[in-house]
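Geometric and topological summary
The chain contents come next:
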Protein chains: 2
Amino acid sequence: MKLINRDTDYAIRALCYIFKHKKKVISASDLVSELRIPRSFLRKILQKLNKKGILKSFKGQGGGFLAAKPADKILLVDLIETFQGKVSLNECFFRKLTCPHKRTCVLRDKLDKIEKQVLKELKRITVVSLLR
Amino acid sequence: MKLINRDTDYAIRALCYIFKHKKKVISASDLVSELRIPRSFLRKILQKLNKKGILKSFKGQGGGFLAAKPADKILLVDLIETFQGKVSLNECFFRKLTCPHKRTCVLRDKLDKIEKQVLKELKRITVVSLLR
DNA sequence: AAGAATGATACCATGTTAGTCTCATTTGTC
DNA sequence: GACAAATGAGACTAACATGGTATCATTCTT
Ligand code: FES
Ligand code: FES
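Nothing here was measured: the structure is a model prediction, and the numbers come from that model.

Structural notes on the relation of the copies chain B and chain A
Between the two copies, chain B and chain A, the superposition gives an RMSD of 0.1 Å; the rotation angle is 180 degrees and the shift along the axis is 0.0 Å. In symmetry terms, the pair is related by a two-fold rotation axis.

Some points on the interface of chain B and chain A
Interfaces are often described in size by the accessible area the parts lose on coming together. Listed as interface residues are 37 residues of chain B and, on the opposing side, 38 residues of chain A. Summed over both sides, the interface of chain B with chain A buries roughly 3,800 Å², with 65% coming from carbon and sulfur. Taken together, chain B and chain A are joined by zero salt bridges. Put simply, chain B and chain A have two residue pairs in polar contact (both at pLDDT 80 or more) between them.

Some remarks on the pairing of strand 2 (residues 64-67) of chain A
All names here are of chain A. Across four bridges, the pairing between strand 1 (residues 55-58) and strand 2 is antiparallel. The residue bridging Ser57 from the neighbouring strand is Phe65, located in strand 2. Counted between consecutive antiparallel strands, the loop separating strand 1 from strand 2 contains five residues, among which Gly60 sits at a positive phi close to 80 degrees.

Here's the deal with the protein's contact with DNA strand C
Within the structure, DNA strand C sits among 25 residues, and Pro38 and Phe41 of chain A together with Ala28, Asn50 and Ser57 of chain B are positioned closest to it. The contact atoms of DNA strand C, taken as those within 4 Å of the protein, divide so that sugar and phosphate hold 63%. Taking Asp7 of chain A, its side chain carries an N or O atom lying 3.5 Å from a phosphate oxygen of DNA strand C. In terms of residue class, the surface near DNA strand C is made up of six nonpolar, 12 polar and seven charged.

A short note on the pattern of salt bridges
Pairs may arise between side chains of opposite charge once their charged atoms sit close together. Residues and elements named next belong to chain B. Tallying each qualifying case throughout the model produces six salt bridges over all chains. For Glu81, the salt bridge goes to Lys86, with nearest N and O atoms at 3.6 Å. Glu121 serves as the salt-bridge partner of Arg124, at 3.3 Å between the closest nitrogen and oxygen. Taken together, the residues Arg124 and Glu121, both in helix 5 (residues 106-124) and three residues apart, mark about one turn of the helix. We classify Arg124 as exposed; its relative accessible area is 58%.

Concerning the protein's contact with DNA strand D
Looking at DNA strand D, there are 26 residues lining it, with Ala28, Asn50 and Ser57 of chain A together with Pro38 and Phe41 of chain B nearest. Counting only the atoms of DNA strand D that lie within 4 Å of the protein, the sugar and phosphate share comes to 62%. The side chain of Arg43 of chain A places a nitrogen or oxygen atom 3.1 Å from a base oxygen of DNA strand D. A distance of 3.1 Å separates a base oxygen of DNA strand D from a polar atom in the side chain of Lys44 of chain B. The leading source of residues in the surface near DNA strand D is helix 3 (residues 39-51) of chain A, at four residues. Residue classes in the surface near DNA strand D are distributed as six nonpolar, 12 polar and eight charged.

Considering a positive patch on the surface
Residues and elements named next belong to chain A. Where like charges cluster on the molecular surface, the positive patch consists of Lys44, Lys48, Lys51 and Lys52. By secondary structure assignment, the location of Lys52 is in the loop between helix 3 and strand 1. Looking at Lys52, the relative accessible area reads 52%, which means it is exposed.

Focus: the side chain of Ser88 of chain A
When you line up the elements, Ser88 of chain A lands in the loop between helix 4 (76-84) and helix 5 (106-124). Excluding its chain neighbours within four sequence positions, the residues that come into contact with Ser88 of chain A are Glu115 of chain A together with Met1 and Lys2 of chain B.

Parameters and conventions
- Residues numbered from 1 in each chain as written.
- Chains lettered and ligands numbered in written order.
- Predicted model: local features only at pLDDT ≥ 70, side-chain atom pairs only at ≥ 80, totals over all residues.
- Heavy atoms only, no water.
- Least-squares fit on C-alpha atoms with pLDDT ≥ 70 in both.
- Contact = heavy atoms within 4.5 Å.
- Buried area = accessible area lost by both parts, 1.4 Å probe.
- Salt bridge = Lys/Arg side-chain N within 4 Å of Asp/Glu carboxyl O.
- Polar contact = N/O pair within 3.5 Å; in protein donor to acceptor, adjacent residues only side chain to side chain.
- Pairing = 2+ DSSP bridges.
- Helix = DSSP H or I, 4+ residues; strand = E, 2+ residues; numbered from the N terminus.
- Near = heavy atom within 4 Å.
- Nonpolar A, V, L, I, M, F, W, Y, C, P; charged D, E, K, R; others polar.
- Buried < 20%, exposed > 50% of the residue type's maximum accessible area, 1.4 Å probe, protein only.
- Patch = residues over 30% accessible without salt bridge, like charges linked within 9 Å, V, L, I, M, F, W, Y side chains within 5 Å.
- Areas by Shrake-Rupley, 256 points an atom, 1.4 Å probe, with all protein chains shown as cover.
- Lys, Arg positive; Asp, Glu negative; His and termini not counted.
- Charge placed at Lys NZ, Arg CZ, Asp CG, Glu CD.

As far as function goes, none of this settles anything; it's purely spatial.
Right under this line is the structure:
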């Protein structure tokens, strides 16, 4: 049961590197040799970060990526949702249909509470807070 | 990202049924027709609960299962760990080896804190609290 | 001895995760 | 303009996890 999968993890590392070299345009190649992440995989991740407006991309020779917003505006929870979908700890299994107990289910209630706590914490973690 | 998988979910339903019919020995067949869980799958789950000392089993004609301890002594977290392994939200991916940053990693620190909170909550939920 | 139950365990189908590959497009430099 | 260096888009794949099935052995009651 992992809160963070590999895509998210790599995204975090890439972002940290990019923020540590602010102002310079960083290419996928730079990141590959620095972070030792498989090239194609990393490229997919960078593209996604670009689409989400977290990075800005520049094509062509000398191109690469720049941060599109300040590090303290990038929340961990946004990265998680970008690569793993909504944080949802409390999906009910009942026959794959909408669960008939949804309104009254005690377990659902309790897990919802836990989810809210986790979400609150995840929203407090930004890329700045990971830069050490 | 689910906190509870299908095995655990089924285990909870089975336990609730068993506790609602305390004293009677409940066979897998009873549970199958009541809960509409695939027979073989449910049997595997019941066996595991037995091995873990949460249920007591009786073989032979008229056999089945009884709760081995009171409902308020069965913690949700125990069920989760029985079927899904230790709750561990903060596994680091770094090259599948022990991570060189383990001591200093800021992210690890923050996720550890979240994990502790979740664990604390999960320990407060028992089967009693799910019986409504 | 027969039948009803669980114990143990191997097997299988499907979905998810992590990763690869190819080709198209854009851009800077000569 | 040609070419090389970069990203964009998206199909494809290998390995693993999840959810479920099937089989045979063992035990217990009658
Ligand atoms: S059983 Fe469906 S929401 Fe709880
Ligand atoms: S990078 Fe390995 S524990 Fe954080």
